[in-house]
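Close look at the chain arrangement
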Amino acid sequence: SSTPVINFGAGPAKLPEEVLQEVQRELLYYGTTNISVMEMSHRSADYAVINDGTQQAVRDLLNIPDNYKILFMQGGGTGLFAAVPLNLMSETGCADYIVTGSWSAKAAKEAMKYGKVNMVVPKTDSYVDIPEQNTWILNPNASYVYYCANETVHGVEFPFIPDTQGIPLVADMSSNILSQPLDVSKFGVIFAGAQKNIGPAGVTLVIVREDLLGKAAVTCPTVLDFTVMAKDNSLHNTPPTFLIYVMGLVFKWIKRNGGAEGMKRMAKEKSGIIYDLISSSNNFYYCPVKSAVCSRMNIPFRIGGPNGNDDLEKEFLSGAQKLGMLQLKGHRSVGGIRASLYNAITVDNTKALAAYMKEFYQTHK
Ligand code: PMP
C-alpha cells in the first residue's frame, strides 16, 4: 500500500484507478487463456478480440463514420509529425500549418523535411491566443491543413474546428482526444498519442478518412504508412499489444462514465474550478492565455504575478508535493506551474488542488 496521491502530470498521466485494478487482476492470466496479454500472439484469436474490440469501442464513443479507418500506430505523436506529411503531402508537395504552440511548431518543422510548409498565422513565441480565422492565409493548393487542437505546453485549446474550405484537415488531439464529442466527418486525419487521456505511452490512435489512403510518398517507412496499416488492420507488424489492451479498458471506462459527453461535462466543471480561482486571485495566480482559448486540459500559470516569483513557485510545488499532489511543475520551456486535468482526474481531485491554491493564496498574498 502507499499514500494516496493525485497525479496532475501532463503525460504520461493518471489512468483511472479502476482500469489499473482491472489490469492488475488480469495481468498474469487473461480471460481463459492462462497467459498474460503481454505473452499473447498478435495473430491469435484472443488478440483479435482485443484489437477489434478496442477499435469498435472508440468508433462508438466518437461516432466515427464507416468511411474512416482506425489505426493503432507506434512512434508517438512525434512519429505522426513525420507520418502525416509522408502520407499526405505528395498530392501537391505543400501543406498549411496553423502554429499555435510548441507542438504544432515541432510538427511544422518536421513537415519541412518532406515538402513546402505554409504558415497560416504569423509567427509568435508567446502562444497565448489563436488569431481570428478571417486573418488566416490558407494556400488553396495545400494537400492538407494541420493544427494542434490542444497545445499541452502552452494551454491553448481550439474552441472551434478550423474551416479549411474543403482541404483535408489534420488534427493532433494528443492532449484532448475524447474530452468531448467530436464531429469526425469534418476531419481528414485525427491522431493522438494515448498517454494523456486514453491510455499508456507507446500507442498512437489514428483516425483516417479512406479517400486519403493510397497517397503515401514512395519513401514513407512501412510502419508509418497509413494505407499499409489500414489494409492489415494494424497488424502488419507486431503492434504494442498490451498498450492497445489497456487503451481498450480506458475506452470502456469512458463509456461507463457518460462517454464523450460525460467527459466534456467533467472537463468543463474541473477547468472552471481552477480558472475561477485564478481569476479571483488579483493576479497572484496568473494564466497568460486569452480566456476564449484557455485549455480545459492543461492550465499553465505563474504565481506572484505575470512573470512569476521563483521562490513562491518553488514553495507552492514543495507544499503540493507534501500533500501528495504530484507533477505540477510547468514545462521546462515556460516555467511556472501546470495543472493537467485529463479524463482520469476527478472533480474531487480538482477541488483538492483548488483548496490548496486558495490556502496558499491567503497565506502568501
Ligand atoms: N502532440 C502533443 C499535443 C503533445 O502534447 C505531445 C507530447 N506531450 C506530442 C505531440 C508528442 O508526443 P510524443 O511524446 O508521444 O512523441
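The structure this text deals with has already been given above.
Here's a quick rundown of the structure. A quick note: this is a predicted structure, and the numbers were derived from the prediction, not measured.

1. Comments concerning the sheet that holds strand β14 (residues 337–340)
What the three strands build is an open sheet, ordered β11-β12-β14; its pairing is antiparallel. Two strands in the sheet have a free side with no partner beyond their single neighbour: β11 (285–286) and β14. As paired strands, strand β12 (residues 298–303) and β14 are joined by four bridges and run antiparallel to one another. Its bridge partner lying in β14, Asn298 is registered against Ser340. Its contacts with the sheet place helix α7 (residues 259–279) against β11 and β12, and it is angled at close to 20° to β12.

2. Digging into the packing of helix α8 (residues 310–322) against helix α9 (residues 347–364)
Close contact between α8 and α9 brings their axes to 11 Å; oriented N to C, the two are set at 140°. One element, α8, and the other, α9, form an angle in the oblique class. In terms of crossing hand, the pair formed by α8 and α9 is right-handed. Contact residues: Leu312, Glu315, Phe316, Gly319 and Ala320 in α8; Tyr356, Met357, Phe360 and His364 in α9.

3. Some points on the packing of aromatic side chains
Both the distance between ring centres and the angle between the ring planes are used here to describe each pair of aromatic rings. By the definition in use, this model includes 19 aromatic pairs. Ring centres of Tyr147 and Phe158 lie 4.6 Å apart, and the angle between their planes is 70°; this geometry places the pair in the edge-to-face category. Residue Tyr147 is located in strand β5 (residues 145–148), and its partner Phe158 is located in the loop between β7 (156–157) and β8 (169–172); the two are separated by eleven residues in the primary sequence. Summarising the burial analysis for this pair, Tyr147 and Phe158 share the class buried. Taking 6.1 Å as the distance between ring centres and 85° as the angle between the ring planes, the aromatic pair formed by Phe301 and Phe316 counts as edge-to-face. Of this pair, Phe301 sits in strand β12 while Phe316 sits in helix α8, placing them 15 residues apart in sequence. You'll find Phe301 and Phe316 in the same group, each marked buried. Cluster of aromatic residues (ring-pair linked, three or more members): Phe284, Tyr285, Phe301, Phe316, Tyr356, Phe360 and Tyr361. Positioned above the aromatic ring of Trp103, the side-chain terminus of Lys106 is 4.6 Å from the ring centre.

4. A word on the pairing of strand β9 (residues 189–193)
The buried fraction of β9 is high, at five of five residues. In β9, alternate side chains face the same way, and those of Val189, Phe191 and Gly193 on one face and Ile190 and Ala192 on the other are all buried. Bridge count for β8 against β9 is three bridges, and the pairing is parallel. The residue of β9 that forms the bridge with Asp172 is Phe191.

Cut-offs used in this document
- Note on numbering: residues in each chain are counted from 1, in written sequence order.
- Note on the predicted model: pLDDT of at least 70 is required for a residue's local features to be given, and 80 or more for side-chain atom pairs to be given and counted; whole-chain, interface and lining totals, by contrast, use all residues.
- Excluding hydrogens and water, the side-chain figures rest on all heavy atoms present in the structure.
- A pair of strands counts as paired when DSSP detects no fewer than two bridges linking them.
- By the criteria applied, helices consist of DSSP H or I runs no shorter than four residues and strands consist of E runs no shorter than two, each listed in order from the N terminus.
- Any two residues having at least one pair of non-hydrogen atoms within 4.5 Å are treated as being in contact.
- Angles shown run from 0 to 180 degrees and are taken between the N-to-C directions of axes, each axis being a line fitted to C-alpha atoms and, for helices, limited to the stretch in contact.
- For classification purposes, an angle smaller than 35 degrees is called roughly parallel, one larger than 145 roughly antiparallel, one from 65 to 115 roughly perpendicular, and anything else oblique.
- Whether a crossing is left-handed or right-handed is set by the direction in which the near helix is turned from the far one by less than a right angle, anticlockwise for left-handed and clockwise for right-handed.
- In this scheme Phe, Tyr and Trp rings, the latter by its six-membered ring, pair at centre separations within 6.5 Å, and the angle between planes marks the pair as stacked below 30 degrees, edge-to-face above 60, and tilted otherwise.
- A 1.4 Å probe rolled over the protein chains alone gives each residue an accessible area, and that area as a share of the maximum for its type sets the label: buried under 20%, exposed over 50%, partly exposed in between.
- Any Lys NZ or Arg CZ that is within 6 Å of a ring centre and within 35 degrees of that ring's normal is treated as a charge sitting over the ring.

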